[in-house]
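Chain by chain, the residues run as shown.
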Number of protein chains: 2
Amino acid sequence: MTPNPQTYLDYAAATPLDPTVYAAMRPYLETAYANPSSVYTVARTTRAAIESSRATVADLIGCKPTEIVFTSGGSEGDNLAIAGVLRAHPKSHWVTTNIEHDAVLEQIKPLEREGHACTVVPVTSAGVVEVGAIEVAITDHTVLVSVMLANNEIGTVQPVGEISRAVRQIRLDRTRRGIATPLFLHTDAVQAANYLSLHVDRLGIDLMSLAGSKIYGPKGSGALYVRTGTVMDPIIYGGGQERGRRSGTENVAAIVGFASALALVQSDRTSEGRWLTELRDDLFKQLKIAIPSLILNGDPVRRLPNNLNFTVPGAEGEGLVLYLDQAGILASTGSACSSGDLDPSHVLLALGRTREQASQSLRLTFGRGTDAASTARVAAELPKIVARLRELGRVQ
Amino acid sequence: MTPNPQTYLDYAAATPLDPTVYAAMRPYLETAYANPSSVYTVARTTRAAIESSRATVADLIGCKPTEIVFTSGGSEGDNLAIAGVLRAHPKSHWVTTNIEHDAVLEQIKPLEREGHACTVVPVTSAGVVEVGAIEVAITDHTVLVSVMLANNEIGTVQPVGEISRAVRQIRLDRTRRGIATPLFLHTDAVQAANYLSLHVDRLGIDLMSLAGSKIYGPKGSGALYVRTGTVMDPIIYGGGQERGRRSGTENVAAIVGFASALALVQSDRTSEGRWLTELRDDLFKQLKIAIPSLILNGDPVRRLPNNLNFTVPGAEGEGLVLYLDQAGILASTGSACSSGDLDPSHVLLALGRTREQASQSLRLTFGRGTDAASTARVAAELPKIVARLRELGRVQ
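Student: Help me get a handle on the pattern of salt bridges, residues and values and all.
Tutor: This model, assessed by the stated rule, comprises 38 salt bridges over all chains. Measuring nitrogen to oxygen at the nearest pair gives 3.8 Å for the salt bridge that ties Glu114(A) to Arg87(B). Taken together, the residues Glu114(A) in the loop between α5 (108–113) and β4 (117–121) and Arg87(B) in helix α3 (residues 74–87) connect one chain to another. Within this structure, Arg47(A), Glu51(A), Arg54(A), Glu242(A) and Glu250(A) form a network of salt bridges that share partners.

Put into structure tokens, the structure is as follows:
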């Protein structure tokens, strides 16, 4: 699917659109254009496409179709979940971690201005949050806990299932003590959807953000799972589409593409995960032999199969990415959103890396197009590039 | 472009995707998938596509490229403009009219809960707001006036240019009196973009919402014009895309499609407007002869060239739409968003129509595929359908 001989290793930033997904979308780009809210017969085609996509997504994550809200992507989903729940509960409190996506963390300040307080729980040096630390942060005013299922930069998988059990205990305790404040659990599963089960009851979550652009679906697509009974406001008001939770003419092609993409990645997730884990671990072993000073960022085992993130002492991440690009390897220093930034990654700093270490880091994320040739290329090129950059550093 | 022999007369609800627009989008669906925020060379393709689209849109509406924020559509644009400006000005006041789109009016209550007050100015029986009525509603606490450029149900064109001159006077007066509160003017130009000039300085507006799905562009696309100096918050926080005004991975294909669609409709707007006005006026004349009791809704002259909306005493709008559908004519009772609703249109009630009259109304909206054969078909079928419905009404 990569249109050139380059080795694309930035699947966490963007995925190509799967041809099958594109084929499913095309009727809604080419012929079936009716507004799904229109009442004449042909509009039933677009309405049916939306409802069948909703049923597909619901089936994949084990919920009712009415619990799916289609969005324009992961950032909108995170904003709708968090601002939506908090605005429906004036002057309330929420809990999150210090390695969440910017779509979560950047809401802290504006929500503070609206009277909501946030406790940011730090993760361990391995990039995993401790359930006990979340429990301790929850007060009687807490209405929402938001912990991502897997991190976008270092790939660490969070103990969302355990957190949900703790949340359930706190709910029971509140009931016993006659406290009516609800407590909802949100997870950003945008990066997890390719490799992990998204079953909402097994995860025990009330809200879950998903995005099409990271699962070989169309950009500008996504969904928010909202468990029945979750009290929340919309962030986009209007015609009342999506049962009033997300107004605006439905993007039919994007919805169909999102559902189709989610079905494909969820059906392949186990086999693809096994294979990518092997490729990734093998590559890191080779790199570690060639560059012994490499430091892995994030837990070696509790991480997404496709994620490799390490610090290369003495070599700037920006330089690594540029030299790799020249060598035909496309990589990243961290999240694509902040790739343009000069600030070091908040995720790497959260692990206890110094600012210097954080800026000397590289993220390689694998996907469907990755094979042994891809990793062999990295194993051959990266050590040379690191040597060159370290040389340059010494000269300066 | 209509894929069947049906006569589609609901262009205000949805437009087909223009083949040229689709062709412009395809590279970004099929091959160029890189995240525009990535730093390697191939990502320059998607970044460049966004920036070139931004320049196109800016050029068409006479503003700087930095003043364009790409959105997921008209509803998001209206919400970003209004909630964005108000949240940046705590406990403030805004003014709008009683025929705005639901994406504007549905924000009144939630913004009230956040401490903001709204004055809703009624329109005349012709569906046009009086500049004086807007002026009177503006207090020293008003930070925003939101008046649509053209109405989606009755097509009336609002005196936005005149309102902007009044707003400018009030700003000068505030300066003289040492009042620092800013006053911004927003217009929803979603329905106007096919036929009216969108030049922001001639209109004198600070914010303008546009949507791709009504201009033969892709659903899920749009833009908000934000004049430099406009103080506002985002509604979607995160990676800081769109200069921090709209976070989330950019939907490259949608952005390219939106710009391409806007360029096409703006280049054809005068000729198409002239031709559709003629067709429309001719049809209404014929219908009025066949059904003398028809009442035109909205100003006969100050309206979009493609809009015809009338009350048919004695015939339910819902019934008209269903019978027309059987006769191969696709029409609407009003805005598609509320087509599923049983409530009569708030726009028709604002004109002074009774609930019964409002429910006995039909909207026909023309577009590129409309020709003399389309209107002839309506002229032939509608009188028969009205007679049948009136007959049924009498029998019951």
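Student: Which residues make up the sheet that holds strand β6 (residues 184–188) of chain A, and what values do they have?
Tutor: Pairing between the strands of a sheet is mediated by backbone hydrogen bonds and can be parallel or antiparallel. Residue and element names in this part refer to chain A. Reading across the sheet, the 7 strands line up as β2-β8-β7-β6-β5-β3-β4 and stay open at both edges, with mixed pairing between neighbours. Single-partner strands in this sheet number two, and they are β2 (68–71) and β4. Between one strand axis and the next, the sheet turns by 20 degrees as a mean value, whatever way the strands run. Across the sheet, helix α9 (residues 252–290) lies against β2, β7 (207–211) and β8 (222–226), angled at about 100 degrees from β7, the strand it touches most.

Student: Got a sec to walk through helix α2 (residues 43–61) of chain A? Specific residues and values, please.
Tutor: All names here are of chain A. Between its terminal C-alpha atoms α2 stretches 28 Å, which fits the 27 Å expected from 19 residues at 1.5 Å a residue. Of all the positions in α2, only Ala43, Thr46, Ala49, Ile50, Ser53, Arg54, Val57, Ala58 and Ile61 are classed as buried. The arc that holds the buried residues of α2, viewed along the axis, is 165 degrees, so those residues lie on one side. Residues of α2 that are exposed and point more than 90 degrees away from the buried face comprise Arg44 and Asp59.

Student: Can you tell me about the relation of the copies chain A and chain B, naming the residues and giving the values?
Tutor: Of the two same-sequence chains, chain A is brought onto chain B (RMSD 0.0 Å, axial shift 0.0 Å) by a rotation of 180 degrees. Taken together, the turn and the small shift mark the pair as related by a two-fold rotation axis. Comparing contact sets, 100% of the residues at the interface of chain A also lie at the interface in chain B, consistent with an isologous, same-surface contact.

Definitions and limits used
- Residues numbered from 1 in each chain as written.
- Chains lettered and ligands numbered in written order.
- Predicted model: local features only at pLDDT ≥ 70, side-chain atom pairs only at ≥ 80, totals over all residues.
- Heavy atoms only, no water.
- Salt bridge = Lys/Arg side-chain N within 4 Å of Asp/Glu carboxyl O.
- Helix = DSSP H or I, 4+ residues; strand = E, 2+ residues; numbered from the N terminus.
- Pairing = 2+ DSSP bridges.
- Axes fitted to C-alpha atoms, helices over the stretch in contact; angles between N-to-C directions.
- Contact = heavy atoms within 4.5 Å.
- Expected span 1.5 Å × (residues − 1).
- Buried < 20%, exposed > 50% of the residue type's maximum accessible area, 1.4 Å probe, protein only.
- Arc of directions from axis to C-beta.
- Least-squares fit on C-alpha atoms with pLDDT ≥ 70 in both.

Purely spatial values, then, with no claim about function.
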